[in-house]
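Survey of secondary and tertiary structure
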Amino acid sequence: MIERMAKVEILGLKDIALEAVDVIHDQGTLHIEDLSEKIGAMEGKRVSRMEMDPRASEHEATLNNLRSKVGDMIRELQPEVETLNQAEVAVEYKALWSDNVDTMIARIQRMLSDVEKDTRETVERKNDLMVEMSRLEKYAPIMAKVQPLAERVSRMQDMASIALIIERKYKAILNYLNEEISKITGGECEVVASDVDEESTAALVVFNRHYLKQVHEFLAVQDVNQVRLPSDLARKPIDEAMAEVRARIAQIPAELDGLEGKLSEVTERYSVKLIAARNAIHDRLEAMDAVPKFAQTDQVFIIAGWMPEESVEPMEKALGDKFGNKVILTVVDVHEHAEEEEETPVALRNHPFVRYFEIIYMLSKYPRYGTVDPTVIFAVFFPMFFGFMVGDMGYGLIIMVLGWIVHKKWSQKPLANMAGYIMTVGGAWTIFFGALYLEFFGDWLARWLGVITVSANGEAHVDYILGTENSIFKYPIDRLEGFTFMLAVCLIIGLIHMGAGLIFGVINGVKENNRKHSMEKGGLLMVLIGAMMVIAKFGLGWWPVWAAALGGLMAVGGLVIAAIGGGMGGAVEAVVGAGNLFSYARLIAIGLASVIMANVANDLAREMGKGGKWWGIIVGAIVFILLHGLNIVIGVFSPSIHGLRLHLVESFGKFFEPAKYRYEPFKKTGGEE
């Protein structure tokens, strides 16, 4: 249901405005109205937009800087926010918070100073090790390519070596390099090369150190890649340098683990304080950001907004206890101003079961204030549609268990939490309809019980537990053979579902004193009922002729009433709406696709397992699992999408009016970093 809201105005002396804002923030029930857009109409009353004083602007800049520092520390220490004791966070929050912004800033700065002092050296050392590790890992593969060559060159006094990496297609350049370097060194050089992989060749040039400068200058202008080692390894032989690199790469992880241990201790010590600081800074900045939405005169501040009616008295009491008659809260009567009533933000208050189905408003806006909340329709019909379409006890059991796991595991994530709950309820309905259809992973259970038998020529026959083939109602309900009956059920469900939406449309018209709107929706409901009575006679043979005639008269009367209420548009909608009943045939169509695929999976598995050969049984089991698994995945997404469409288009479209604003109270939340 939609919660009843009250519009309020809060006036007080301007010198206590920020203190009043803190009290309102603490109460956390006022949806602030931005008065800056209405100030133009108040100019004769000397009203202007409220502005922060220069000191507040300085505080805002300082707090933004502190928020950045706190965020960096949280990212560095990575505390497990979801596992923190929220009571401890609240205690630290109160310890940091102060109505005096300077005091609050000083407290946060002292806390950050303590954290920096305990973490600076460890964090810097960790960063240095990570940079070193990255550098060594960069050189290690290159050095590994040339090391085998270095080991083949005897170590001689006063000899230098340079490692090169050359693409194999340019390998011929080595002969040229050997000739030119021999000229430079007077023959005191040797070039050793070896193919390292399919794309590259490693070469090691060994020569007298006396010619080091000349050789480097020569190679600098050649199209070859020199392996340039870090400065601390550059003067060592390749094999020694490689050994040191490998040893260091092996040592660094242990050092990092030790540092991580120290940081974990610091994280445990300061995580609550840091999260509390983040929350306090966020809330203080949010309070400052709200100030420009207020109005002021020379001596008075003005705050306007909306809150639940039951929250008015506690807000009035909190302001009175703090400021006495210096601040006054007044409830504004908006019933005389329709445009203001349309501005009312919407808050929903539903039963805990229904509340999970408010996930629908992530795809749609809230219903407009003063209309009917359709969440209950969604909560009743969506999981039922889901179960009707999937309709398999085995699938339902799996979907229900997975949904419950998601619901519990991600209890702190609203979207996943609600989706998991809806999957659980949908899975329960799937089990219910699966029992009606006697389907457990397709026809597996029905065949095992002997309800379905297969003749020698491969034709399946159903031995009904209740009723016969000619009975209208029989058990189990065979979705494949009983298509006409299932289609009739779908049309009846559609009539009930669309009818509920139209009844809500009539109620909305009554609430809004819009007689024509009520007539239009009521006329459309009459057309639907009349059309269904005609279909029941000529399509299904259920009614006598006089009942079909009565239905025809009702449909014509409803068409006239809809035209009176909504004009030509109302008449057209009545005709189209009657046709929309057949949109609910998708309930049986999606279900038939699911059961056919399940039976195909079973038939293939049986064929594979014929003969009793072990490999056939294994292949059959794999086919069974894969195809049923795929069918379950399709059975989650496809029915969900079509169920949503039936609600958003066929039912909600008959009465739903979106709200302009959702109720978003000005409260201390801590926000997200």
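Residues numbered from 1 in each chain as written. Predicted model: local features only at pLDDT ≥ 70, side-chain atom pairs only at ≥ 80, totals over all residues. Heavy atoms only, no water.

**Considering the nonpolar core**
The cut-off we apply is this: Note on terminology: a nonpolar core comprises buried Ala, Val, Leu, Ile, Met, Phe, Trp, Tyr and Cys residues joined through side-chain atoms within 4.5 Å. The buried label applies to any residue whose accessible area, calculated with a 1.4 Å probe on protein chains only, is under 20% of its type's maximum; exposed applies above 50%, and partly exposed to all values in between. Per the convention used, a helix needs a DSSP run of H or I reaching at least four residues, while a strand needs a run of E reaching at least two, with both numbered from the N terminus. Contacts: residue pairs with any heavy atoms within 4.5 Å of one another.
Phe385, Phe388 and Leu587 are the most contacted members of the largest nonpolar core, which has 62 residues in total. Contributing elements (two or more residues each) for this core: helix 11 (375-390), helix 13 (414-437), helix 15 (483-511), helix 16 (515-538), helix 17 (545-579) and helix 18 (586-609). Setting aside residues no more than four positions away along its own chain, Phe388 makes contact with Phe433, Tyr437, Arg479, Met486, Val489, Cys490, Ile493, Leu587 and Ile588. By size, the runner-up hydrophobic cluster in this structure holds 31 residues, among which are Leu63, Val70, Leu96 and Ala280.

**Remarks on the environment of Ile24**
Topologically, Ile24 is positioned in helix 1 (residues 17-27). Overall, Ile24 belongs to the buried group, its relative accessible area being 2%. A C-alpha to C-alpha distance of 8.0 Å links Ile24 and Leu319, two positions 295 residues apart in sequence. Setting aside anything within four residues of it in sequence, one finds Ile24 in contact with Ile10, Leu30, Ile303, Met315, Leu319 and Phe666.

**Digging into the packing of aromatic side chains**
Applicable threshold: For Phe, Tyr and Trp, rings pair up if their centres lie within 6.5 Å, where Trp contributes its six-membered ring, and each pair is then called stacked (planes under 30 degrees apart), edge-to-face (over 60) or tilted (otherwise). Working rule: Lys NZ or Arg CZ, within 6 Å of ring centre, within 35 degrees of ring normal, means a charge sits over the ring.
A full pass over the atoms with the stated rule returns 20 aromatic pairs. When the centroid spacing of 5.8 Å and the interplanar angle of 25° are considered together, the rings of Trp429 and Phe433 count as stacked. Of the two residues, Trp429 and Phe433 both sit in helix 13, 4 residues apart, roughly one turn of that helix. The class of Trp429 is partly exposed, set by a relative accessible area of 29%. When its relative accessible area of 9% is taken as the criterion, Phe433 is described as buried. Relative to Phe433, the ring of Phe432 lies with its centre 5.2 Å away and its plane at 75°, an arrangement referred to as edge-to-face. Three or more aromatic residues joined by ring pairs make a cluster, and in this case those are Phe353, Tyr356, Phe357, Phe378, Phe382 and Tyr421. Sitting over the ring of Trp410, Lys409 keeps its end group 5.6 Å from the ring centre. A cation sits over an aromatic face here: Lys668 above Trp97, 3.8 Å from the ring centre.

**Side note on the pairing of strand 6 (residues 200-208)**
Within a regular strand, the side chains alternate between the two sheet faces. To keep things clear, this is the line we draw: Whether two strands pair comes down to DSSP finding at least two bridges between them.
In terms of burial, strand 6 is a largely internal element, 9 of the 9 residues being buried. With 7 bridges joining them, strand 5 (residues 189-195) and strand 6 adopt antiparallel strand pairing. Of the residues in strand 6, the one forming a bridge with Glu190 is Val206.

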